[in-house]
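# Structure assessment
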Amino acid sequence: MRFYYGPSLQIVNKINCKRKKMAQNPFENALSQLDHVSEVMNLEEDIKEILSKPQRMVSMTIPVKMDSGEIKLFDGFRVQYNNYRGPYKGGIRYHHHVDLDEVKALAFWMALKCAVVDIPMGGGKGGVIVDVKELSKGELERLTRGYAKMAFDIVGPVIDVPAPDVNTTPEIMEWFSDEYNKILGKETPAVITGKPIEKGGSEGRDKATAQGGFYVLEEAVKEYNLEPGASMVIQGFGNAGAHMARISDAAGYKVIAVSDAEGALYNPEGLDIETLFEKSPGGVIDRNAVKAEEISNAELLELECDILIPAAIENQITEANADKIGAKVVLELANGPTTPEADKVLFGKNIPVIPDILANAGGVTVSYFEWKQNMENEKWSLAEVDEKLSKIMKGSFVEVLERAKKYGVDLRTGADVLAIERIREAAKEVLK
Ligand code: NAD
């Protein structure tokens with residue numbers, strides 16, 4: 001759940017009152033976030049009104065022929081939140097808990113994320129209510145092709161460009177793109193990103209989130225005077241966490257603890273990350289691969305270190321453990337790992353939290369690079385991708401920091417201000 005507050009007690013109280021009334025509805029949380037940032041930056045009421053609603057929401061019923069021969073209906077959504085800065089961009093999530101309010105909130109956050117890193121994309125998100133574990137591969141393919149058929153009229157390279165999200169893979173992106181191309185009668189790889197490389201995907205997409213986070217970290221290390229070789233603790237050893245460990249280790253940081261859902265490995269002298277990376281595919285750590293002590297995830301979060309990187313799931317740093325966090329800087333590779341209450345404690349303790357919307361935006365940035373390469377029929381090398389990513393991520397950190405200092409707020413609010421400033425500029429152009 002994302003919920004934001006800032007420096008003024010008045011604002012905090014107002015939001016706290018609202019919080020008591022509201023259910024844990026992600027879209028209400030997104031609106032509270034909008035309320036808060038609007039107050040901080042004195043946003044025009046009409047722009048705020050526009051941003052409090054998605055531009056378009058499509059609900060669909062997708063019939064799928066199951067392996068048994070029976071036809072089953074699945075509910076799906078695509079929310080197109082805002083396109084003032086460019087085509088809607090955002091993943092398609094397959095999960096049994098998907099609901100429209102969640103998709104609306106995620107689409108709003110995508111609009112902010114694209115704006116923070118200043119890529120010319122808007123915010124969108126899709127979802128299908130489905131438990132993927134209950135589907136065969138053929139059923140999953142037919143569901144995806146069904147979703148592409150239903151979304152055909154509202155997606156396209158200059159309209160809305162979906163991508164992978166929870167439980168959706170490069171192969172699923174390929175099925176979607178293939179179905180879209182069949183209906184259109186034309187090869188259009190730029191309709192979706194996150195495709196396999198041989199089907200028009202970009203170099204560097206697999207490590208993009210971590211690589212982008214690492215570039216942000218390099219700027220943060222300078223700003224907060226951390227030593228080269230600073231110690232690092234990472235929660236989660238999947239796509240984001242394991243790549244982050246590997247990139248940071250290679251750059252000379254001392255990764256002293258990492259974890260998966262089962263628990264953590266700790267070695268104050270530094271873990272052998274290269275071996276751990278090789279032996280721990282799919283986010284599950286091989287506990288016998290390296291010399292280390294086993295500790296719990298709760299203990300990992302409280303270790304004394306320079307940099308703590310939550311890269312697993314949401315709501316890990318909470319009111320219950322925020323005052324025990326032993327890091328000097330927190331970098332959020334996961335989405336929503338810090339609760340609003342914990343944010344407040346960490347801000348009070350002068351521990352900067354580099355927010356998810358900035359720290360993990362490397363993923364969507366390289367998705368945009370994929371779209372751009374497809375649109376311009378180009379193929380960039382990994383070195384080109386990394387160079388462009390570095391420039392964007394480092395520049396965005398500097399701009400977020402500047403907003404945080406200007407308004408006397410935490411980096412999360414600074415990132416929101418920057419994003420809304422950019423959307424407001426685009427709105428003025430669109431609405432003139
Ligand atoms: P993943 O599934 O590849 O890996 C998740 C890791 O977290 C695994 O090691 C898993 O064991 C661990 N984990 C799960 N539950 C845990 C728990 N309760 N305690 C500790 N560890 C636990 O996922 P990912 O793609 O690396 O994503 C991780 C986070 O980063 C998510 O919040 C995701 O939304 C965010 N993110 C990822 C990307 C991306 O490109 N992969 C982009 C933006 C944001």
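Just so you know, these numbers come straight off a predicted model, no measurement behind them. (Residues numbered from 1 in each chain as written. Predicted model: local features only at pLDDT ≥ 70, side-chain atom pairs only at ≥ 80, totals over all residues. Heavy atoms only, no water.)

### Looking at helix α8 (residues 239-250)
Taking 1.5 Å as the rise per residue, α8 with 12 residues should run 16 Å; its terminal C-alpha atoms sit 17 Å apart, in good agreement. Of the positions making up α8, those classed as buried are A240, G241, A242, H243, M244, A245, I247 and S248. In this structure, the buried side of α8 is in contact with α7 (208-223), β6 (231-235), β7 (254-260), α9 (273-279), β10 (305-310) and β11 (327-331). (Helix = DSSP H or I, 4+ residues; strand = E, 2+ residues; numbered from the N terminus. Expected span 1.5 Å × (residues − 1). Buried < 20%, exposed > 50% of the residue type's maximum accessible area, 1.4 Å probe, protein only. Contact = heavy atoms within 4.5 Å.)

### Topic: the packing of aromatic side chains
Using the criterion set out here, one finds nine aromatic pairs in the structure. With centroids separated by 6.2 Å and ring planes inclined at 55°, the aromatic side chains of F27 and Y81 adopt a geometry described as tilted. Within this pair, whereas F27 is found in helix α2 (residues 26-41), its partner Y81 is found in strand β2 (residues 71-82), the two being separated by 54 residues in sequence. For the pair formed by F27 and Y81, the shared burial category is buried. Taken together, a centroid distance of 5.4 Å and an interplanar angle of 70° make the contact between Y81 and F108 edge-to-face. Of this pair, Y81 sits in strand β2 while F108 sits in helix α4 (residues 100-116), placing them 27 residues apart in sequence. Neither Y81 nor F108 differs from the other in exposure class; each is buried. Through a chain of ring-to-ring contacts, the aromatic side chains of Y368, F369, W371 and W380 assemble into a single cluster. Over the face of the ring belonging to F27 we find K104, whose NZ or CZ atom lies 4.4 Å from the ring centre. Over the face of the ring belonging to W380 we find K388, whose NZ or CZ atom lies 4.4 Å from the ring centre. (Phe/Tyr/Trp six-rings, centres within 6.5 Å; stacked < 30°, edge-to-face > 60°. Lys NZ or Arg CZ within 6 Å of the ring centre and 35° of its normal.)

### Some points on a nonpolar patch on the surface
Side chains of V158, I159 and M375 sit close together on the surface and give an oily, nonpolar patch of about 270 Å² of accessible area. Topologically, M375 is positioned in helix α13 (residues 362-375). Judged by its relative accessible area of 39%, M375 is partly exposed. (Patch = residues over 30% accessible without salt bridge, like charges linked within 9 Å, V, L, I, M, F, W, Y side chains within 5 Å. Areas by Shrake-Rupley, 256 points an atom, 1.4 Å probe, with all protein chains shown as cover. Salt bridge = Lys/Arg side-chain N within 4 Å of Asp/Glu carboxyl O.)

### Quick notes on the sheet that holds β6
Here seven strands make up an open sheet; going across it, the order is β9-β8-β7-β6-β10-β11-β12 and the pairing mixed. With partners counted over all chains shown, the strands left at the sheet margins are β9 (293-295) and β12 (353-354), one partner each. The strands that α7 touches are β6, β10, β11 and β12; relative to β11, the one it contacts most, it runs at about 145°. Packed onto the sheet, α8 meets β6, β7, β10 and β11 and runs at close to 165° relative to β6. (Pairing = 2+ DSSP bridges. Axes fitted to C-alpha atoms, helices over the stretch in contact; angles between N-to-C directions.)

### Things to note about the site of the ligand
Around the ligand, a shell composed of 19 residues is seen, among which T209, F237, N239, A240 and G283 lie nearest. The contact in question runs from an oxygen atom of the ligand to an N or O atom on the backbone of A240, over 2.8 Å. Across the complex, the protein chains shield 70% of the 820 Å² of accessible surface that the ligand would expose by itself. Residue composition of the shell around the ligand, by class: eight nonpolar, nine polar and two charged. (Near = heavy atom within 4 Å. Polar contact = N/O pair within 3.5 Å; in protein donor to acceptor, adjacent residues only side chain to side chain. Nonpolar A, V, L, I, M, F, W, Y, C, P; charged D, E, K, R; others polar.)

### Overview of unusual backbone geometry
Backbone geometry places N315, a non-glycine residue, at a positive phi of 55°. Its location among the elements puts N315 in the loop between β10 and β11. On the accessibility criterion, N315 (32% relative accessible area) is partly exposed. In this model, N377 sits at a positive phi of 55°, which is unusual for a non-glycine residue. Tracing the backbone through its elements, the reader meets N377 in the loop between α13 and α14 (382-407).

### As for the domain arrangement of the protein
What the domain assignment reports for the protein is domain 1 (54-185) and domain 2 (208-359). Here domain 1 and domain 2 have C-alpha centroids that lie 30 Å from each other. (Domains from an automatic or database assignment.)

### Description of the pairing of strand β3 (residues 88-95)
The buried count for β3 comes to seven of eight residues, which makes it a mostly enclosed element. Here six bridges tie β3 to strand β4 (residues 122-129), and the two strands are oriented parallel to one another. Paired with Y94 across the strands is V128, a residue of β4. Read from β3 through α4 to β4, the crossover connection turns out right-handed. Across five bridges, the pairing between β3 and strand β5 (residues 160-164) is parallel. Counted as the bridge partner of K89 is V161 from β5. (Right-handed = clockwise from strand over helix to strand, strands pointing away.)

### So, the nonpolar core
Membership of the largest hydrophobic core comes to 94 residues, with the highest contact counts inside it found for I234, M244, V258, I309 and I354. Among the elements that line this core, the one with the most residues is α4, at 12 residues. Both domain 1 (54-185) and domain 2 (208-359) contribute no fewer than three residues apiece to this core. When neighbours within four sequence positions are excluded, I354 is seen to be in contact with V216, A220, V329, V330, L331, E332, A359, F397 and L411. M66, F74, V128 and I172 belong to the second-largest nonpolar core, a separate cluster that totals 26 residues. (Core = buried A, V, L, I, M, F, W, Y, C linked by side-chain atoms within 4.5 Å.)

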